[in-house]
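# Residue-level structural notes
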Amino acid sequence: MYAQVEFGLYDKKQCISIILDNEEEVNECMQILIEKSFIVNHKPRYAGLCYEGSVWCGDEHYIRIMTKENEEKSDGEL
């Protein structure tokens, strides 16, 4: 599994975004973090043009696991 990692703010909180290729990899990464005792913030779901989930990493930080934005899906949904 290869990922792109970005650091920044999301929802006014410090966030590490792990960007993966597909929904299966997002689910797998979330499962690994849950098994390591991270607390789920949002279960994986479609949010806008990507599939994402997140886990807490302290009070003001979290890890966001997501797919790349998919413009093809947005065209198909319209």
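Quick caveat, the model's predicted, so the values are computed rather than measured.

What counts, and where the lines are drawn
- Residues numbered from 1 in each chain as written.
- Predicted model: local features only at pLDDT ≥ 70, side-chain atom pairs only at ≥ 80, totals over all residues.
- Heavy atoms only, no water.
- Helix = DSSP H or I, 4+ residues; strand = E, 2+ residues; numbered from the N terminus.
- Buried < 20%, exposed > 50% of the residue type's maximum accessible area, 1.4 Å probe, protein only.
- Contact = heavy atoms within 4.5 Å.

### Re unusual backbone geometry
The phi dihedral of Ser37 falls on the positive side, at around 80 degrees, and the residue is not glycine. Examined against the element boundaries, Ser37 turns out to sit in the loop between helix 1 (23-35) and strand 3 (39-47).

### Topic: the environment of Thr67
Structurally, Thr67 can be placed in strand 5 (residues 61-67). Classification of Thr67 as buried rests on a relative accessible area of 5%. Once the C-alpha coordinates of Thr67 and Tyr46 are considered, the two residues, 21 residues apart in sequence, prove to be 9.6 Å apart. The contacts of Thr67, once residues within four sequence positions are left out, are Ile19, Leu20, Asp21, Asn22, Glu23, Val26, Cys50 and Tyr51.

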